Amino acid sequence: MSPTAAPAAPTTKAPAGGGTDRVFNFSAGPGCLPEEVLKQVQQDVWNIGGSGIGILEHSHRGKVVDKIFEECEADIRKLANIPANYKILYLTGGASAQNHMIPMNFMPVGSTADYIVTGHWSQKTYEQAMKMGPHFGKAHLAATTKDQNHSSIPADDQIKYSAAPAYVHYCSNNTLYGTEWFRVPKSPAGCPLICDASSHFYSRPIDLSKYAMVYAGAQKNMGPAGVTLCIIRDDLIERGSKEIPELLQYRSFVPEFSRPNTPPVFAVYVMGQIAKWITRSGGLTAMQKHNEGKAKLIYDVIDGSKFYKGHAKPEARSLMNLTFRTPNEKLDDLFVTEAKKLGMDGLKGHRATGGMRASIYNAFPRAGCEALAAFMKDFEKKNG
Ligand code: PMP
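Quick caveat, the model's predicted, so the values are computed rather than measured. (Residues numbered from 1 in each chain as written. Predicted model: local features only at pLDDT ≥ 70, side-chain atom pairs only at ≥ 80, totals over all residues. Heavy atoms only, no water.)

Honestly, unusual backbone geometry in this entry has me stumped. Any pointers?
Gly29 connects to Pro30 through a cis peptide bond whose omega is -5 degrees. Along the chain, the position of Pro30 falls in the loop between strand E1 (24-25) and helix H1 (35-46). For Glu256, which is not glycine, the phi dihedral falls at a positive 55 degrees. For Glu256, the position within the fold is in the loop between helix H5 (234-239) and helix H6 (265-280). A positive phi angle is found at Ser258, which is not glycine, with a value near 60 degrees. With respect to the element layout, Ser258 can be found in the loop between H5 and H6. (Helix = DSSP H or I, 4+ residues; strand = E, 2+ residues; numbered from the N terminus.)

Next comes the structure, spelled out in structure tokens:
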């Protein structure tokens, strides 16, 4: 199925009788998954690959799981042409666990690591690094967009790096505020660049060779909650501290496809199915086209209206999380309530921005964006 093909779903009417009991799910994450993948998962929970055992019941050291982990890695590698000197690890603890794993591994005592803050999650990441204490180095705030309520992305000359950072960390898509980096920040030569790409991973092509490490919680574009995909260059893994507990060292996950202990087998299995779905759908270039087309439907309504106001500056607008508001909070609430009645769920914005947020990850169908755009115009007519 092409990613532009819509599941049987209504346009602006309630789903009742529309041939499906599913609604358009605009949730910021866990987000919606491709329906054909969900159907495959239903079968495999009962009996995977004719083994007579469901995926939830297989030993993580058996042949069935070996094959799933191998194929998932191969498919993820192929999609972005990931160079051979990078490892793909399946970690737990959410993307948030990287907030301490990264400094524990790569910010030794006496060093400074630089953080670019462009939203809620990168702020948290920076705050956690600041808490590391006397056995580690120090976190330096290289830039923040806080004074603009994170509505923009800083230019390279607004980022003030420390003298010799151990690494630079940034978050390439800001889930709450709806901003996205459309370039890779210029960082000091030779300094490892580390990126939290949780909320737009594989939504468009990515050149991994520009990074020392990219990680993403799977529950937006890559699968269910429970696994964090971590793509990391060999020399950075080697540079990691050996003084910390083994399960906090990246090197412990390199042998045997991330299985020093019981891994999140089901989450990796679904992620593998998603990687296959992206491949069948035409790969990352097709995803980009699909996502740009969907976002344009909604941004065009905002741009053509005096009623709606977008939170993000136009040049920094995310293709995944679209943030906007009506003229007042009462109308925002009414918008969310009325949209829900029409089968559009999860549109309430985070309290940091107020208003609405439409999260339209890879699996979100174009028909849902058409429905939202039509509803926005209709709502403006009635309330504008
Ligand atoms: N980074 C980003 C960009 C996120 O959107 C989120 C979750 N919404 C996180 C980190 C935290 O992820 P987790 O809940 O998996 O720890």
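Is there a simple way to explain the environment of His140 in this structure?
Looking at the secondary structure, you find His140 in strand E4 (residues 138-144). Spatially, the C-alpha atoms of His140 and Met356 are 33 Å apart, while their sequence positions differ by 216 residues. The contacts of His140, once residues within four sequence positions are left out, are Thr112, Ala113, Asp114, Tyr115, Tyr126, Lys160, Tyr161 and Ser162. (Contact = heavy atoms within 4.5 Å.)

Please clarify how the sheet that holds strand E12 (residues 321-325) should be interpreted in this entry.
Paired through backbone hydrogen bonds, the strands of a sheet run either parallel or antiparallel to each other. Here we have three strands laid out as an open sheet, ordered E11-E12-E14, and antiparallel in their pairing. Of all strands in the sheet, those with a lone pairing partner are strand E11 (309-310) and strand E14 (356-359), marking the two edges. Both E11 and E12 contribute to a ladder of two bridges, which runs antiparallel. Each residue of the ladder has a partner; that of Gly310, found in E12, is Phe324. Running over the sheet, helix H7 (residues 283-303) touches E11 and E12 and is turned about 20 degrees from E12. (Pairing = 2+ DSSP bridges. Axes fitted to C-alpha atoms, helices over the stretch in contact; angles between N-to-C directions.)

For this particular structure, what's the right way to read the pairing of strand E9 (residues 213-217)?
Along any regular strand the residues' side chains alternate between the sheet's two faces. Counted residue by residue, E9 has five buried out of five residues, so it is predominantly covered. Both faces of E9 are covered, namely the face carrying Met213, Tyr215 and Gly217 and the face carrying Val214 and Ala216. Bridge count for strand E8 (residues 193-196) against E9 is three bridges, and the pairing is parallel. Residue pairing in the sheet places Cys195 in a bridge with Val214 of E9. Of the pairings in the sheet, the one linking E9 to strand E10 (residues 228-233) comprises five bridges and is antiparallel in character. Bridging from a neighbouring strand, Ala216 pairs with Leu229 of E10. (Buried < 20%, exposed > 50% of the residue type's maximum accessible area, 1.4 Å probe, protein only.)

What is the right way to look at the packing of aromatic side chains in this model?
The way to describe two aromatic rings as a pair is by their centre distance and the angle between their planes. Applying the stated criterion across every chain, the model contains 18 aromatic pairs. The interplanar angle of 85 degrees and the centroid separation of 6.0 Å between the aromatic rings of Tyr308 and Phe324 together place this pair among those described as edge-to-face. With Tyr308 in the loop between H7 and E11 and Phe324 in strand E12, the pair connects residues that are 16 residues apart, well separated along the chain. Of the two residues, Tyr308 and Phe324, both sit in the buried class. With 5.1 Å between their ring centres and 75 degrees between their planes, Phe335 and Phe379 make a pair best called edge-to-face. Placement of Phe335 in helix H8 (residues 329-341) and of Phe379 in helix H9 (residues 366-383) is noted, with a sequence separation of 44 residues between them. Of the residues examined, Phe335 reaches a relative accessible area of 0% and is grouped as buried. Geometry around Phe69 places Arg259 over its ring, the cationic atom sitting 5.1 Å from the centre. Lying over the aromatic face of Tyr299, Arg317 brings its terminal NZ or CZ to 4.1 Å of the ring centre. (Phe/Tyr/Trp six-rings, centres within 6.5 Å; stacked < 30°, edge-to-face > 60°. Lys NZ or Arg CZ within 6 Å of the ring centre and 35° of its normal.)

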